[in-house]
Amino acid sequence: AQKVTQAQTEISVVEKEDVTLDCVYETRDTTYYLFWYKQPPSGELVFLIRRNSFDEQNEISGRYSWNFQKSTSSFNFTITASQVVDSAVYFCALSEAYTGTASKLTFGTGTRLQVTL
Amino acid sequence: GAVVSQHPSRVICKSGTSVKIECRSLDFQATTMFWYRQFPKKSLMLMATSNEGSKATYEQGVEKDKFLINHASLTLSTLTVTSAHPEDSSFYICSASETSGSVGTDTQYFGPGTRLTVL
């Protein structure tokens, strides 16, 4: 069975600090996909990134960066120079590669990030 | 691109009534849509997988007669909460996957959610 663990329930930082959100996953699949979603107070989940299991290259998008370490089954997310608008709940999720129909997502429990001035 | 809408965004109803929630993919076709439920400060719980033109697949513990799902077209899925009771009050979120036609995985794009309050 698939499992995603986000051990950090809540993180509070001061604006401009860097912050890393941890994500550890478990799966027996050799091909799988990892995701990060952001859920601001409005409730809508915003897609941030998708990474497949064969691509271990780290990715940077503006102030966001992701570190995929297959050896430790981790897919951590770092926000550089955090801003108040980054305050949200962040979910890490895992899906298997589909074979005809879209695969279900297994979500972590989420990390609530609070960025203050 | 990849925009998913939900309607209504918020609904308050009396116990015993039925409520219909619509989920639409606005700029892409979605063979598969998913319905989730989220309790306050909790993660998303998958309720069912909705495939266009076929019956929905419900997760264990989800009553299919209570939560009716219809996926009539490639851009619309509906969730009807029948005979709603206060314990059905929750935040319901849908997602839609764009059909790519190739082996891999389709990213799920989420709607803004519907907050249901049953009095």
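Here's a quick rundown of the structure. (Residues numbered from 1 in each chain as written. Chains lettered and ligands numbered in written order. Predicted model: local features only at pLDDT ≥ 70, side-chain atom pairs only at ≥ 80, totals over all residues. Heavy atoms only, no water.)

**Looking at the interface of chain B and chain A**
Residue-level contacts link 28 residues of chain B with 24 residues of chain A. When chain B packs against chain A, the two sides together hide about 1900 Å² of surface, and 54% of this comes from carbon and sulfur. Of the charged contacts in the structure, one is a salt bridge between Lys104 of chain A and Glu59 of chain B, with a shortest N-O distance of 3.2 Å. Counting across the interface, chain B meets chain A through five residue pairs in polar contact (both at pLDDT 80 or more). (Contact = heavy atoms within 4.5 Å. Buried area = accessible area lost by both parts, 1.4 Å probe. Salt bridge = Lys/Arg side-chain N within 4 Å of Asp/Glu carboxyl O. Polar contact = N/O pair within 3.5 Å; in protein donor to acceptor, adjacent residues only side chain to side chain.)

**Here's the deal with the state of the cysteines**
Inspection of the entire model under this criterion finds two disulfides over all chains. There is a disulfide in this structure between Cys23 of chain A and Cys92 of chain A, and the S-S distance comes to 2.0 Å. The chirality of the disulfide connecting Cys23 of chain A with Cys92 of chain A is left-handed, given an S-S dihedral of about -65 degrees. Taken together, the residues Cys23 of chain A in the loop between strand 3 (19-21) and strand 4 (24-26) and Cys92 of chain A in strand 10 (residues 88-96) connect sequence positions 69 residues apart. Cys92 of chain A matches Cys23 of chain A in its accessibility class, with the two residues each being buried. A sulfur-sulfur separation of 2.0 Å characterises the disulfide bridge that pairs Cys23 of chain B with Cys94 of chain B. Every disulfide takes its handedness from the sign of the S-S torsion; for Cys23 of chain B and Cys94 of chain B that torsion is 80 degrees, giving right-handed. (Disulfide = S-S within 2.5 Å. Helix = DSSP H or I, 4+ residues; strand = E, 2+ residues; numbered from the N terminus. Buried < 20%, exposed > 50% of the residue type's maximum accessible area, 1.4 Å probe, protein only.)

**So, the sheet that holds strand 8 (residues 76-81) of chain B**
Residue and element names in this part refer to chain B. With respect to topology, four strands assemble into an open sheet ordered 1-3-8-7, the strand pairing being antiparallel. Of all the strands in the sheet, just strand 1 (4-7) and strand 7 (67-73) have a single pairing partner and so form its edges. On average, adjacent strands in this sheet sit at an angle of 15 degrees to one another, irrespective of strand direction. Pairing of strand 3 (residues 19-25) with strand 8 involves six bridges; the strand directions are antiparallel. Among the inter-strand pairings, Lys20 is bridged to a residue of strand 8, identified as Thr80. (Pairing = 2+ DSSP bridges. Axes fitted to C-alpha atoms, helices over the stretch in contact; angles between N-to-C directions.)

**A word on the nonpolar core**
Residues Phe67 and Leu116 of chain B are the most contacted members of the largest nonpolar core, which totals 26 residues. At the level of secondary structure, the elements contributing two or more residues to this core comprise strand 2 (10-13), strand 3, strand 4 (30-38), strand 5 (44-51), strand 7, strand 8, strand 9 (90-98) and strand 11 (114-118) of chain B. In this structure, Phe67 of chain B is in contact with Arg37, Met47, Tyr58, Val62, Leu79, Thr80, Val81, Asp88 and Tyr92 of chain B, ignoring residues within four places of it in sequence. In this structure, Val13, Cys23, Tyr25 and Phe77 of chain A belong to the second largest nonpolar core, which totals 23 residues. (Core = buried A, V, L, I, M, F, W, Y, C linked by side-chain atoms within 4.5 Å.)

**What to know about the pattern of salt bridges**
All names here are of chain A. Scanning the entire structure with this criterion turns up six salt bridges over all chains. With a closest N to O distance of 3.0 Å, Asp55 and Arg51 form a salt bridge. For Asp55, a relative accessible area of 24% gives the class partly exposed. In this structure, Asp86 engages Arg63 in a salt bridge whose closest nitrogen and oxygen atoms are separated by 2.8 Å. Of this pair, Asp86 sits in the loop between strand 9 (74-79) and strand 10 while Arg63 sits in the loop between strand 7 (59-61) and strand 8 (64-69); the two residues are 23 residues apart in sequence, bridging distant segments of the chain.

**Here we look at unusual backbone geometry**
Backbone torsion omega between His7 of chain B and Pro8 of chain B reads 0 degrees, so that peptide bond is classified as cis. For Ser73 of chain A, which is not a glycine, the phi torsion comes out positive at approximately 50 degrees. With phi around 60 degrees, Lys41 of chain B is a residue other than glycine that occupies positive phi space.

**Observations regarding the packing of aromatic side chains**
By the definition in use, this model includes 21 aromatic pairs over all chains. Centre to centre, the rings of Trp66 of chain A and Phe77 of chain A are 5.0 Å apart; their planes meet at 5 degrees, and the pair counts as stacked. Taken together, the residues Trp66 of chain A in strand 8 and Phe77 of chain A in strand 9 connect sequence positions eleven residues apart. Across the pair, exposure class does not vary: Trp66 of chain A and Phe77 of chain A are buried alike. With a centroid separation of 6.5 Å and 40 degrees between ring planes, the pair formed by Phe34 of chain B and Tyr36 of chain B is classed as tilted. The residues Phe34 of chain B and Tyr36 of chain B share a single accessibility class, namely buried. Of the aromatic side chains, those joined through ring pairs into one cluster are Phe35, Tyr37, Phe47, Phe91 and Phe107 of chain A together with Phe28, Phe34, Tyr36, Tyr109 and Phe110 of chain B. (Phe/Tyr/Trp six-rings, centres within 6.5 Å; stacked < 30°, edge-to-face > 60°.)

That is the geometry; function is a separate question.
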